[in-house]
Amino acid sequence: MEGDVRMEIAFILNSSEVTVTVDGHRRLIDVLREQLGQTGTKEGCGEGECGSCTVIIDGRAVNSCLYPALEVEGKSVTTIEGLLGPKNELSIIQQAFVEQGAIQCGFCTPGMIMSAKALLDSNPNPSEEDIRDALLGNFCRCTGYVQIVEAVKEAAAQLKGKQ
Amino acid sequence: MTDFQYIGKKASRPDGPDKAAGKAHYIHDLQRPGMLYGKIKFSDHPHAWIKHIDTSKAERLAGVRAVITANNTPEIRIGFLRDNFALKKDKVRQYRDEIAAVAAIDPETAEEAVELIQVEYESLPGVFCPHEAMKEGSPLIHETDSQARPRTDNLVPLKFHHESGDLESGKRAAKFIAEGEFSTPMVQQCCMGTAGCIAEFDMNSNLTVWAKTQIPFLAQRDFNRALSDMGLPDKNTRIIVPTLGGAFGSGLDTHAYEYIAILLAYQTSSPVKIVYTRAEEFANLSPRQSSTTKIIQGCDQNGKLTFRHVEVLQDNGAYTSWGATYPSVMMIPATSLYRVSNVYFNARSVYTNNTYCQAMRGYGNPEHTWALESNMDELAKEAGIDPFEFRIMNRNEPDETTPMGLKVSTCGLKECLETVARKLDWKKKKNTKGKRSGKGMASLIHVGGGARIYRSDASGLTLKLDDFGNVNVFHGGVEMGQGLHSVLILAVAEALGVKPEKVLINPTDTGTCPWDVGTHASRGAFMACNTAILAANKLRSQIFELAEEVFPKEVEKNLKKFMKKNPGYKPPDFDVLKSAKRERFELCDGFIFIKDGPQESWLRMELGKLLRAIHFRSQGQMLTTEVFYDPPNELPDFERGFGNISATYAYGTQGAEVEVDTETGEVKILRMVAAHDVGKVLNSQGLKGQIYGALAQGVGYALYEKLQSQQGKILNPNFRDYKIPTVQEMNFPIDLEFIETNDSYGPFGAKGVAEPGLVPTAPAIANAIYDAVGVRIRDLPITPEKILAALKKSRTSKD
Amino acid sequence: MNRFKYYKPRSLDEVWELKEKIPGSLFIAGGTDVIVGIKNNELRPQALISLRSIPELDDIEVDGGARIGALATISDIIQNPELRKDYPVLVEAAKSFGSVQIRNVATIGGNLCNCSPCADMALPLLVMEAKVRLQTTKKSREIPLNEFFKGPGESCLSPHEILTDILLDPLHKNAKTSFMKKGRVKMDLAVASVAVLLEMESKTCHKARIAAGSVAPVPLRLSKIETMFEGATLTKKDVTEAQRLAEDNVVPITDVRSTEEYRRQITGVLVKRALERALEWKET
């Protein structure tokens, strides 16, 4: 049977297959930041409250600070690093955040953008209520959220326009 | 009214793309080769003798490179009263006292090692209330002061006092009086990026610290002093400030954890990183200072204020940081918000075994305005005057000097009040039948032109032009998310005459940037942009002087090329040589041309070309200029409460419409309105973000936030039980208007506005709650529990 | 620093084998409680045995009644069309649970087994008189949910027992339900919460089930109100009386989140409002 102190796991990270050896007690955020060099995902609280660590696993937004690393075996993980386009250009959501003034210190930004992405991927036509519900678990101390909500609305409009 | 090219327009922040891509590197992300991880052992008691510290097990743990305590390191005193220590030796005075620290090869090993450190204490009776601490016979928190002189009480030796006019005659002249005791709690800055630093020595024992600081140069001074304590008196500290995950005042002091990182780095000869977890941050990083304020105000028959009497008491906690100096800022609204000639203000801080407090956005102003503006409504009620009318009739006006000696230049208070009243439909009062909604407003005054609270309020800026026409900027102000670099780029571009894309801001680094006292007191943009204008003007003079020689040659070449390409072209009748005089040049969008000359494409010179022309020649030169600007303000005498602390003052008014559920006590904010006298909008998007963000913090202060402490222990050191507003709590419209009063001291007319956004929020909401349900809550936060209890009390007292 | 081991068994038999081998191990479902508990040093397990890879544990079957696998996530419940139709009060509670990120991994079984007096999912299940299936290698038993909770953090599970399913009978066709929760802010543990279920025949109530959370050591059925309502023609007076009974029959505490007095009052208000909402009366 599997388990024990250290295990090798394989999963998809930002559309590429990765294999990494992981200690049993580690969380996904530890593996991303320390073993795979993906420091875009931030740890803001380690308790699943602030959402700075949000990543997308199999289409669903999750707090990587609460996600046991070994559980990611065989799954598809998207982090903020995975949003850049083929020419390393900012995605529409990222661009909307930049243009709407939704970024100040930026620490909450990757997590916030990932939650927005998870929302827009499953609900391209969100109401403002849907947006606020999707971002409830992403804290921001700098912006007061006004321009963040505007950025998500703008991104939704642009993504719709693209279709 | 000047029309600016870049100032006032919407401009995306330059670091936005990196932050959106997850490529901005905060201290949490930085690595240095060979770096070790530090972790601190904090006290298990609020007040106790340290009998013994056993670090032997920790030292033996594989992967541990150093374990330090006050016993194996030189004593380092910290804090502006020098009453604190990097590591505690004989005694712990609060739960978060740093007793020992470990450096290890990874954070988990460091954490394990800390758990292996055993401390033996002898418990002492603790004192957790300032009133208790002031009583005779109370246990002393500090037996001696920093000069080893014995202490006899727990009073912090700082005096904040003001008396103006004739208080007694003011009292006699009052027809109506309102008195109240108000309190504010400790709240946490809650930066999304927690505190941390990396300390590293080179082999010459010079130190570099990547620090989460708002005071790089004062930190340099503090750490150089520590180096001296460590036996390295001639060595230097270089502070580099990386991307910060917010600060909100938490970076205005140096902290024990930073000195500990330095000690560990020295001991191990390796870089050492210490980063607080969120739980450590809540429990061990100094929060906002709490306060209790007794205020009495009186007005005459017509509603004119006749006197104001204020007493403030603060729980200083175990050591002294900037919390103890909040009264220096409280004095500003106390003496100068609304016109009142007879003012008494006195403030005291008392040591206790609670956590000690530091700066947080507003720095005493939210605390005092909470009391003052709530009490203004109470007084308006006594006098039977509408709260808006009451404020209008007592408003400050431009070009006044206040009792504290503040020289008010521009003042948009009237416009702010009127704007809020208009937008809130103030005259349309609620339907008294069965409705529980209400409206309230509150105003503010804050420093808007720097704040001289230290020997210098200066800031330097260097502009270095390179061969490509880039403007390399070196400025010691700190970008912590507020958008300082964004406005600085706009200011340089505007003042110099280049495109914003050509303005490159260098990292804040004490090794390269000129001195700056610190990014606090909303002075960031005010100072950066004023120095940018001064430096840009200097450079323009130099450029235009050099252009006299270089410009004619260049345009002659240009014309030849142009005529080759356009054979039929006839150049206008214009004497270039004669016109190429320094006073006739202009620089715009990186091109030098003659102001009133013909607008031909060949009749201009790219800045980069000029710079290369003067560089690559015999006795060539490069252009760099530095300015050092100290604004026209004064260091007040805080014992007398007098001095023009700032070059200009920002005003504002916020209004709230709320609905109170009388069965649950819950407050729903229906909408907020804010009008802020900003002097001039420099970056509209950035400024909006600043005010929205501050307002959100104000809402948290008003309704949700409190660090709960019992017997010195923080009971809610996590986001589960310390609630900050989320996107749902901020689900109401905010109507924001900027009043531009175009202040002559401000860069392009602008005032500093980093803090005002949260100053009047809580009293505006409290006043609206009173309007809705007739209960006056005087301690923050206004929780449903308090409202229900107050409603119950008012019902029983009516029966 | 707890460097625990982590196991991902693929069948319940493997789970019990591991539990037998490692007495100092804990089960983990979504992890939103367990990982936080470990981080705060409240839990110090030698190993975690994950239930996430066991195939049948996250099924949701709705066919007349319902069988909800313990590992069904809160999001699974919200998104399940049959549950939304047939057991709306369960979905209401699920929507009030945490944030999207939490709902995507937290499980209904985990929420119940954590045995918090605040457990959001417990209240609707209590008023719908749900049963839970508890299994060991040797036996399987089904008990009513209101016998499951023994105290804060304490269930009736024996050390090797696993809660595998939540079982619901079909609701009465005239069942009216409602769930209400009050926190300090939107995303919060409940300061107080209430669920109601009323089986009505026009204005007469044949059966009432009312449960309150965060106001007793366990999620609590308010049986006095239930008895009072049985067979009664409900009027505003009854609802007001229910409010008073609720206030008198809960035992809240004062803690870092709220006060005893406030919780007591709020429970009464929530009961009143939940009843009014279930009965579709206009808010008074």
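Residues numbered from 1 in each chain as written. Chains lettered and ligands numbered in written order. Predicted model: local features only at pLDDT ≥ 70, side-chain atom pairs only at ≥ 80, totals over all residues.

## A short note on the overall build of chain B
Within chain B one finds 19 helices and 33 strands. For a compact globule of 799 residues, the expected C-alpha radius of gyration is about 28 Å, and chain B comes in at 29 Å, within 12% of that figure. In chain B, buried positions account for 60% of the 799 residues. Pairs at least 24 apart in sequence give 81% of the contacts found in chain B among residues at least 6 apart. (Helix = DSSP H or I, 4+ residues; strand = E, 2+ residues; numbered from the N terminus. Rg over C-alpha atoms; globule rule 2.2 N^0.38 Å. Buried ≥ 20, exposed ≤ 12 C-beta atoms within 10 Å, placed from the backbone. Contact = placed C-beta atoms within 7 Å.)

## A look at the overall build of chain A
Within chain A, the regular secondary structure consists of 5 helices and 5 strands. For chain A, the spread of C-alpha atoms along the three principal axes comes to 50 × 30 × 25 Å. Within chain A, buried positions represent 61% of all 163 residues. Taking the contacts inside chain A whose residues are at least 6 apart along the sequence as the reference set, 58% of them involve residues at least 24 apart.

## What about unusual backbone geometry?
Between Leu780 of chain B and the following residue, Pro781 of chain B, the backbone shows a cis peptide bond with an omega angle of -5°. Mapped onto the secondary structure, Pro781 of chain B falls in the loop between helix H18 (761-773) and helix H19 (784-798). A positive phi is found at Asn88 of chain A, a non-glycine position, where the angle reads about 60°. Within the secondary structure layout, Asn88 of chain A lies in the loop between strand E5 (76-78) and helix H2 (92-99). Owing to 7 C-beta atoms within 10 Å, Asn88 of chain A belongs among the exposed residues under this scheme. Positive phi is not limited to glycine here, since Tyr338 of chain B has a value of about 75°. Position of Tyr338 of chain B relative to the elements: it lies in the loop between helix H9 (326-336) and strand E17 (343-351). The exposure class assigned to Tyr338 of chain B is buried, which follows from the 23 C-beta atoms found within 10 Å.

## Quick word on the environment of Ala134 of chain A
Here Ala134 of chain A lies in helix H4 (residues 128-134). Between the alpha carbons of Ala134 of chain A and Ile12 of chain A there is a distance of 24 Å; along the sequence they are 122 residues apart. If we skip the residues at most four places from it in the chain, Ala134 of chain A touches Ser115, Ala116 and Leu119 of chain A together with Val100 of chain C.

## Observations concerning the sheet that holds strand E29 (residues 649-660) of chain B
Residues and elements named next belong to chain B. With mixed pairing, the 4 strands of this open sheet are ordered in space as E20-E29-E30-E33. Lying at the two open borders of the sheet, with one neighbouring strand each, are strand E20 (437-447) and strand E33 (734-739). Pairwise comparison of adjacent strand axes, ignoring direction, gives a mean angle of 15° for this sheet. Here 6 bridges tie strand E30 (residues 667-677) to E33, and the two strands are oriented parallel to one another. Bridge assignment links Met672 to a residue of E33, and that residue is Ile734. Contacting E20, E29, E30 and E33, helix H12 (residues 413-423) runs over the sheet at an angle of about 150° to E30. (Pairing = 2+ DSSP bridges. Axes fitted to C-alpha atoms, helices over the stretch in contact; angles between N-to-C directions.)

## Thoughts on the domain arrangement of chain A
All names here are of chain A. Each assigned domain of chain A is listed here: domain 1 (6-82) and domain 2 (92-162). Taken over C-alpha atoms, the centre of domain 1 sits 21 Å from the centre of domain 2. Domain 1 puts 15 residues into the contact, and the matching count from domain 2 is 14 residues. The set of elements that each furnish at least two residues to the side of domain 1 that touches domain 2 consists of strand E3 (54-57) and strand E4 (60-63). At 3 residues, the largest contribution of residues to the side of domain 1 that touches domain 2 is made by E3. For the side of domain 1 that touches domain 2, the residue count by class is 6 nonpolar, 7 polar and 2 charged. (Domains from an automatic or database assignment. Nonpolar A, V, L, I, M, F, W, Y, C, P; charged D, E, K, R; others polar.)

## What to know about the nonpolar core
Residues and elements named next belong to chain B. If you look at the biggest cluster of nonpolar residues, it comprises 406 residues, and the most contacted ones within it are Ile260, Val492, Cys529 and Ile769. Counting residues per element, this core draws most heavily on helix H14 (residues 524-565), at 16 residues. The contacts of Val492, once residues within four sequence positions are left out, are Leu463, Val471, Val473, Val503, Ala532 and Ala536. (Core = buried A, V, L, I, M, F, W, Y, C linked by C-beta atoms within 7 Å.)

## Section: the interface of chain A and chain C
Bring the parts together and some accessible area is lost; that lost area is often taken as the interface size. Taken together, the 26 residues of chain A in the interface contact 26 residues of chain C. Looking at the side of chain A that touches chain C, the element that brings in the most residues is E4 of chain A, giving 4 residues.

## Structural notes on the interface of chain A and chain B
At the interface, 41 residues of chain A touch 44 residues of chain B. Secondary-structure elements contributing two or more residues to the side of chain A that touches chain B are H2, helix H3 (109-122) and helix H5 (146-162) of chain A. If you tally residues by element for the side of chain A that touches chain B, the top one is H2 of chain A, at 4 residues. For the side of chain A that touches chain B, a count of residues per class yields 21 nonpolar, 13 polar and 7 charged.

## Re the packing of H3 of chain A against H5 of chain A
All names here are of chain A. Interaxial distance between H3 and H5 falls to 11 Å at its minimum, and their mutual angle equals 40°. In terms of their interaxial angle, H3 and H5 are classed as oblique. In terms of crossing hand, the pair formed by H3 and H5 is right-handed. Along its contact with H3, which presents Met112, Ala116 and Leu120, the element H5 presents Ile148, Val152, Ala155, Ala156 and Leu159. Among the residues forming the contact of H3 with H5, the class breakdown is 8 nonpolar, no polar and no charged. (Parallel < 35°, antiparallel > 145°, perpendicular 65-115°, else oblique. Left-handed = near helix turned anticlockwise from the far one by under 90°.)

## Here's the deal with helix H16 (residues 607-615) of chain B
Within the sequence span of H16 of chain B, burial applies to Leu607, Lys609, Leu610, Leu611 and Ile614 of chain B. Buried residues belonging to H16 of chain B abut strand E21 (459-465), H14, strand E25 (585-588), strand E26 (591-594) and strand E27 (604-606) of chain B.

## Looking at the sheet that holds strand E9 (residues 160-164) of chain B
All names here are of chain B. On the basis of which strands lie adjacent, the open sheet formed by 5 strands has the order E9-E17-E16-E15-E10 and mixed pairing. In this open sheet, the two strands that pair with only one neighbour each are E9 and strand E10 (176-184). Strand after strand, the sheet turns through a mean of 10° between neighbouring axes, direction not considered. The sheet contacts of H9 involve E9, strand E15 (291-299), strand E16 (305-317) and E17, and relative to E17 the element is tilted by about 160°. Those strands touched by helix H10 (residues 365-383) are E10 and E15, and its axis lies near 150° from that of E10.

## Looking at the domain arrangement of chain B
All names here are of chain B. The domains assigned to chain B are domain 1 (31-124 + 195-275), domain 2 (291-430 + 441-453 + 635-798) and domain 3 (459-567 + 575-629). Between the C-alpha centres of domain 1 and domain 3 the distance comes to 43 Å. Each side of the interface is counted separately: domain 1 has 14 residues, and domain 3 has 15 residues. A per-class count over the side of domain 1 that touches domain 3 returns 10 nonpolar, 3 polar and 1 charged.

## Section: the pairing of E21 of chain B
All names here are of chain B. Counting buried residues in E21 gives 6 out of 7 residues, a clear majority hidden from the surface. Relative to strand E28 (residues 624-629), E21 is paired through 6 bridges, and the arrangement is antiparallel. By the bridge assignment, Ser459 is partnered in E28 with Tyr629. Relative to strand E22 (residues 471-475), E21 runs antiparallel, the two sharing 5 bridges. Within the sheet, the bridge partner assigned to Leu461 lies in E22 and is His475. Following E21, the chain reverses through 5 residues before pairing antiparallel with E22; Gly469 in that reversal takes a positive phi of roughly 80°.

## Things to note about the environment of Ala212 of chain C
All names here are of chain C. Within the element layout of this structure, Ala212 appears in strand E13 (residues 204-213). Owing to 31 C-beta atoms within 10 Å, Ala212 belongs among the buried residues under this scheme. Separated by 139 residues in the primary sequence, Ala212 and Thr73 place their C-alpha atoms 23 Å from one another. Once you skip the residues sitting within four places of it in the chain, Ala212 turns out to touch Ala192, Ser193, Val194, Leu220, Leu222, Ala246, Val250 and Thr267.

## What about helix H5 (residues 88-95) of chain C?
Each turn of an α-helix holds 3.6 residues, which means side chains three or four residues apart point in the same direction. Listed in full, the buried residues belonging to H5 of chain C are Val89, Leu90, Glu92, Ala93 and Ala94 of chain C. Buried residues along H5 of chain C sit against helix H3 (74-79), helix H4 (81-86), helix H8 (122-127), strand E11 (175-182) and strand E12 (192-201) of chain C.

## Some points on the packing of H14 of chain B against H16 of chain B
Residue and element names in this part refer to chain B. With their axes 10 Å apart at the nearest point, H14 and H16 run at an angle of 95° to one another. If you check the angle between H14 and H16, you find them roughly perpendicular. Note on element contacts: H16 touches H14 through Lys609, Leu610, Ala613 and Ile614, opposite Ile543, Leu546, Ala547, Val550 and Glu554. Of the residues that constitute the contact of H14 with H16, the class distribution is 7 nonpolar, no polar and 2 charged.

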